[in-house]
Every structure is written in structure tokens, then in C-alpha cells.
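Listed below are the residues making up each chain.
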Amino acid sequence: MFGNVLGTVKQAMGIEEEKPPETTFGYITNCHCIPPLTWEQRLWGFGIFFGFGCLISFMSTFSVLQIMVNPAKFALTYTLGNILSICSLMFLMGPCRQLKKMFDKDRRWATGVYISSMIITFIAVSKKVPGYFIIPLIFFQFCALVYYSATYIPYGREILKGCVTNACACCCSMFTS
């Protein structure tokens, strides 16, 4: 803590030059403009965002029966719930640390696919694409969420791969016999 304060004081006094971030990502994750929160404030922020995210995702299930008639309603609420749930983690870890973890070399692709799936779903909904196109996007978004979540669990990707392999083998054996 004192090292960080001392470094800031040295920079302010001109004793030590501020080193600019080496990459664009360095600029994004350099979050000095966000005020620090107490642990209680972080827990409240997490609880509120995560609670609303889960509530909105749960509310999307009420429109699942209308998915062929109005797929946009389900896709929009489901995606919004996922976004709020991801943003809730920023309260616990802080936005800088959350972004660093999301774009870590081991989960960079999973994060990119998951965020892209949400963006593509939003674009499809805004362009009023037919339901037979939005339904696979929702399924793809769900699969991307599962894979993205597995990257945070030790050996999660390996466990997920084993489960999918066994499920596919089981399904294939049902159809071949």
C-alpha cells in the first residue's frame, strides 16, 4: 500500500516519471478514475447486480414459450441478465482485475466468444431477425457462457470436455443400436 502511495507522490512531485502503458489493454485496465469502495459497498454492488442479473435471466424463462412468436423478448432479457451477472463480479474484484482476468491468455478466447455471442444476439434482435436464426444464437450464447464459466474452475475445461464427450458417445450409441 505504501509503495503505491509513495510512487504516486513521487510522480506528482516529478521525482519519478509516469510510465505509459505499453498496450491499449494497459490503458483500459488502468482504473485510477474509479473511486475505491469499501468491502461492504463491494458486496452490496455485487449482490444488487448479480440479483438483478439472475432475476432478469429468470424472467426470460417466462417468455420461452413464446420464443417462436417473439424470440427477441427472450433473447434480449436473457442477454441482459448475463451482462449484469458478469458486471457484478467487477464489484468484487474491481474492474481492472476483472478485465485482466477476463482477457488472461488462458481465457482470452472464451471471453471473446462469449462477448461476441452476446453482441451478435443483440444485433440480431435489433435487426428483427426471424426466430429460427435467434434460437441457435441463444443456444450458442449459453454454450459460450458454460465454457467461459469453466475457465474459472480448476480443470473445468477438461471436466467439461469429458462430460460433452461422454454425452455425445451416449447419444451416438442410442441412435446406432
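Here's what I pulled together on the structure shown here.

About the cut-offs
- Residues numbered from 1 in each chain as written.
- Predicted model: local features only at pLDDT ≥ 70, side-chain atom pairs only at ≥ 80, totals over all residues.
- Heavy atoms only, no water.
- Buried < 20%, exposed > 50% of the residue type's maximum accessible area, 1.4 Å probe, protein only.
- Helix = DSSP H or I, 4+ residues; strand = E, 2+ residues; numbered from the N terminus.
- Patch = residues over 30% accessible without salt bridge, like charges linked within 9 Å, V, L, I, M, F, W, Y side chains within 5 Å.
- Areas by Shrake-Rupley, 256 points an atom, 1.4 Å probe, with all protein chains shown as cover.
- Salt bridge = Lys/Arg side-chain N within 4 Å of Asp/Glu carboxyl O.
- Phe/Tyr/Trp six-rings, centres within 6.5 Å; stacked < 30°, edge-to-face > 60°.

### Things to note about unusual backbone geometry
The backbone phi angle of Lys-128 is positive, close to 55°, even though this residue is not glycine. For Lys-128, a relative accessible area of 72% translates into the label exposed. At Tyr-155, a position not held by glycine, the phi torsion is positive, near 60°. In this structure, Tyr-155 sits in the loop between helix 7 (131-150) and helix 8 (156-176).

### Points about a nonpolar patch on the surface
A surface patch of nonpolar side chains, amounting to about 790 Å² of accessible area, comprises Trp-44, Ile-48, Phe-52, Leu-55, Phe-58, Met-59 and Phe-62. Along the chain, the position of Trp-44 falls in helix 3 (residues 39-60).

### Notes on the packing of aromatic side chains
Counting across every chain of the model gives six aromatic pairs. Here Phe-58 and Phe-62 contribute two aromatic rings whose centre-to-centre distance is 5.2 Å and whose plane-to-plane angle is 80°, an arrangement assigned as edge-to-face. Phe-58 gets classed as partly exposed once you look at its relative accessible area, which sits at 49%. Overall, the relative accessible area of 57% leaves Phe-62 in the exposed class.

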